[in-house]
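Okay, here's what each chain looks like letter by letter:
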Amino acid sequence: MTNDCIDQQYNKPVVDEEVDVASPVPHRRISGHFEGTNISFNIYLHASNQKDQWQGRFFQFTYPTTFSPEQNTAKADDRAIGFALTTGGYAVQAGNGSVSLGYRHGAAAAKFAEKLAAAYYGTDREIYGYLYGPSGGSFQTVGAAENTTGVWEGFVPMVQAVPTPNSYNFNGRAAAELILSDKAADIRDALLPGGSGDPYATLDAAESAMLTEVHRLGIPWEGWENPNYLLGYDPAYFGTGLDSDSPLAYDPTYVEDFWKAPGYLGTEQTPLGERVRQELAEMGDTPGHRWNIAKRFAYRYQLPAEDAGWIALDQFRNEDGAPLYPQRAVKEPGFSGFVSGNTAFDGSINGKMIVVSNLHDVDALPIHTDWYRQRVEASLGDAADDAYRVYFNDHADHQDAPPTGERAASLVDWYGIVEQALRDLSAWVEHDEPAPASTVYTVEDAQIVLPAKANQREGLQPTVKLHGDREGLLRAEANETVKLSATIQAPVGKVVRVEWDFDGDGTYEDGPAVKQPRSTVTASTKHQFKTAGTYFVSVRVTTQRDGDRDAVHALVSNIERLRVVVSP
């Protein structure tokens, strides 16, 4: 699809309303739809007296279900509107009331918006477009990058999802829920700051085997910070299939083989095999419960081709590459093709791309971002360095809203990183200013591992180190005045804010003001813990590219925590 082609499905755009709006910043909103379809669109232009703020670009957010039922239209949120207009661009949003699949409707809206914008701003200048979206929206963004030219010049897939060969991520978490629920608190405590560092310490042989398996599937250690979400108990759980008795319609004979055929876990003479048989006995040996357990481990029996790059599944192969377990002739059907517009995910991007993914993400696994990176580099060769970046972020998960409550004690609002990536992308496209270097990382057991120091890690996110008696731990007495000190380093940008949460409840208070924003800062504060107990103190640090303390967008944050044990 090119900027000049005509999409016969979306070739009749109709403007329904054009109004001036005051919030979140003054702007002109043009609302419309494509005749004969259920796709609506909104275009957010600068207010008539602020047209000179436009710098020849637009930003377009995409997600399969972006829609406002109240207004019956595909409405951008205030943050997307405010960011676009204050970054020299207008904003575009397109979608419908159910699920908007693929990228064609977004491309049609973008092309029509360009015509309206050229007339509104009174210019024939080239207009640069940037498409971005999280999770399912990352499917759409990659589909657009691989299959369009001239509509958008840059792309930011966020918490990148990829077409996995089966649901090994979600099923692996379901398997962990079955075997590890009773030990989740122990695992979490061992991995928290000041913990033992040994998540296996209280596990038996079956539990140890399960934790190793799920870890090597690429599910990050950091995800155990929130075991209720990882194991599917949190109501906000993103995946499907946990604790379900329904059969696999595409492979109805699988359940019999799992429990009766040699080579399957249901008959395996190992501690884990014995444990799943025990779980079935405790549930009650019914057809539904047999399916419930068997489905969780289906990923073992649906391996992709050995050279397909799915290293998380290589644990189920011998040294010669042969599968350890029987393989099913029928494979799980995927859904990513519909969402992405049936793109190949072969890395053949047209334009520049910056991927933003998060190390606490147990839905779109960090290792999946590396899988797509390798495809981009194989497709583009040496040109990849001038077209692709990836930024990994610590203390950030799959959810896109600013974290609140206890989640804010350990997680940052990572949309500021996305906004800075979009600004860097526009400078890269329009002025040939290369975006900051990708995050440096290694891959160990299907895990993304980052260096500790900012100058080694690169990327966009600052690092922060809290100092205690030993790694992650500080001991004190009740009512003792404790000095807390943090060292902050920013690979790019300057530190503008340091905040402290002494109770671990996600409520922060400002520390001493950063007198001179700079890339390296040492911050300290004092506090008295009135009552004996264990506290997890968090320090949240924020950088801004130019050191602007009053900036609203493109703020990049990180968190570090310290376990403080207070004796009477």
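In this text, all values refer to a predicted model and were calculated from it rather than measured experimentally.

Engineer: Lay out the packing of aromatic side chains in plain terms, naming residues and giving numbers.
Structural biologist: Scanning the entire structure with this criterion turns up 32 aromatic pairs. Aromatic side chains Tyr264 and Tyr301 sit 4.6 Å apart centroid to centroid with 40 degrees between the ring planes, which places their arrangement in the tilted category. Of this pair, Tyr264 sits in the loop between α8 (254-260) and α9 (271-283) while Tyr301 sits in the loop between α10 (287-296) and α11 (336-340), and the two are 37 residues apart along the sequence. Measuring from centroid to centroid gives 6.3 Å for Trp500 and Phe502, while their planes differ by 5 degrees, and the two rings are stacked. Classification of Trp500 as buried rests on a relative accessible area of 1%. We classify Phe502 as buried; its relative accessible area is 6%.

Engineer: Describe the pattern of salt bridges, with residues and values.
Structural biologist: The full count for this structure, using the stated rule, is 28 salt bridges. The salt bridge involving Glu207 is made with Arg275; its shortest N-O contact spans 3.4 Å. In this pair, Glu207 is assigned in helix α6 (residues 205-216) and Arg275 in helix α9, connecting sequence segments 68 residues apart. For the pair shown, Glu207 and Arg275 are each scored as buried. The salt bridge involving Arg373 is made with Glu377; its shortest N-O contact spans 3.0 Å.

Engineer: Describe the pairing of strand β1 (residues 13-21), with residues and values.
Structural biologist: Pairing geometry for β1 and strand β2 (residues 27-34), over 8 bridges, is antiparallel. By the bridge assignment, Val19 is partnered in β2 with Arg29. Between the antiparallel neighbours β1 and β2 lie 5 residues.

Engineer: Please give an account of unusual backbone geometry that cites residues and values.
Structural biologist: Across the junction of Ser23 and Pro24, the peptide omega takes the value 5 degrees, indicating a cis bond. Tracing the backbone shows Pro24 in the loop between β1 and β2. Notably, Val159 is not glycine yet its phi reads approximately 35 degrees, a positive angle. Mapped onto the secondary structure, Val159 falls in strand β7 (residues 154-160).

What counts, and where the lines are drawn
- Residues numbered from 1 in each chain as written.
- Predicted model: local features only at pLDDT ≥ 70, side-chain atom pairs only at ≥ 80, totals over all residues.
- Heavy atoms only, no water.
- Phe/Tyr/Trp six-rings, centres within 6.5 Å; stacked < 30°, edge-to-face > 60°.
- Helix = DSSP H or I, 4+ residues; strand = E, 2+ residues; numbered from the N terminus.
- Buried < 20%, exposed > 50% of the residue type's maximum accessible area, 1.4 Å probe, protein only.
- Salt bridge = Lys/Arg side-chain N within 4 Å of Asp/Glu carboxyl O.
- Pairing = 2+ DSSP bridges.

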